[in-house]
Each structure stands twice: as structure tokens, then as C-alpha cells.
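Understanding the architecture of this molecule
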Amino acid sequence: MATTWPQVAAWPNDPREHAAYLSDYLRKALVCIDSAGDQPVPKPLVKTMIAAMSVLISKFQNTPDLSAV
């Protein structure tokens, strides 16, 4: 039986919401990977995870530092 991978929806624009959504997505993906045993991880899943992490990192890098305000 094939493992059901997490569904991908539109990623939120707010960095904190994006981080929460990504965290949930990665947690679900990890459960699927663990339950898949020796089955290979689908390439689109890996690409989605890498793209989402890259966008989130970019959002935080472009967020102004408000600690000096």
C-alpha cells in the first residue's frame, strides 16, 4: 500500500504563519517517511520541502530588525 503524503496548499505570506505551516508539513512528511520503510521518498515531496524552507529563510532575512526600535 502506498504511503499518503501530506497535501500541499498555498504557503502563507506571513513568516510566522509560514513557519508554523512548514513545521506541521515537515512533521507529517517525517511520519510518512518513517512509515514508508525502504520505499524511496518522492522527488516532488523533497522539492516542495526544500522550496518552502528556502522561501521561509528568505522571508526572515528580509524582515527588518525591530530590536533597535
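In this report, we go over the structure that sits alongside the text. (Residues numbered from 1 in each chain as written. Predicted model: local features only at pLDDT ≥ 70, side-chain atom pairs only at ≥ 80, totals over all residues. Heavy atoms only, no water.)

1. Quick look at the overall build of the protein chain
The helix and strand inventory of the protein chain stands at 2 helices and 0 strands. Counting across all 69 residues of the protein chain, residues that qualify as buried make up 23%. At a minimum sequence separation of 6, the contacts of the protein chain that also span at least 24 residues come to 62%. Carbon and sulfur atoms make up 61% of the accessible area of the protein chain, which amounts to about 5,200 Å² in all. (Helix = DSSP H or I, 4+ residues; strand = E, 2+ residues; numbered from the N terminus. Buried < 20%, exposed > 50% of the residue type's maximum accessible area, 1.4 Å probe, protein only. Contact = heavy atoms within 4.5 Å. Areas by Shrake-Rupley, 256 points an atom, 1.4 Å probe, with all protein chains shown as cover.)

2. Thoughts on helix H2 (residues 43-61)
Since there are 3.6 residues in each turn of an α-helix, residues three or four apart along the chain are aligned in direction. Taking 1.5 Å of rise per residue, the 19 residues of H2 would be expected to cover 27 Å, and the 27 Å separating its terminal C-alpha atoms lies within 8% of that figure. Those residues of H2 that are buried are in contact with helix H1 (15-36). (Expected span 1.5 Å × (residues − 1).)

3. A few points about H1
If you check H1, its first and last C-alpha atoms are 31 Å apart, about what 22 residues at 1.5 Å a residue would give, namely 32 Å. Turning to H1, its buried residues are Pro-15, His-18, Leu-22, Tyr-25, Ala-29, Cys-32 and Ala-36. Taken end-on, H1 shows its buried residues confined to a sector of 105°, consistent with a single buried face. Along H1, exposed side chains directed more than 90 degrees from the buried face belong to Arg-16, Val-31, Asp-34 and Ser-35. At the N-terminal boundary of H1, the capping side chain belongs to Asp-14, with an oxygen 3.2 Å from the backbone nitrogen of Arg-16. (Arc of directions from axis to C-beta. Polar contact = N/O pair within 3.5 Å; in protein donor to acceptor, adjacent residues only side chain to side chain.)

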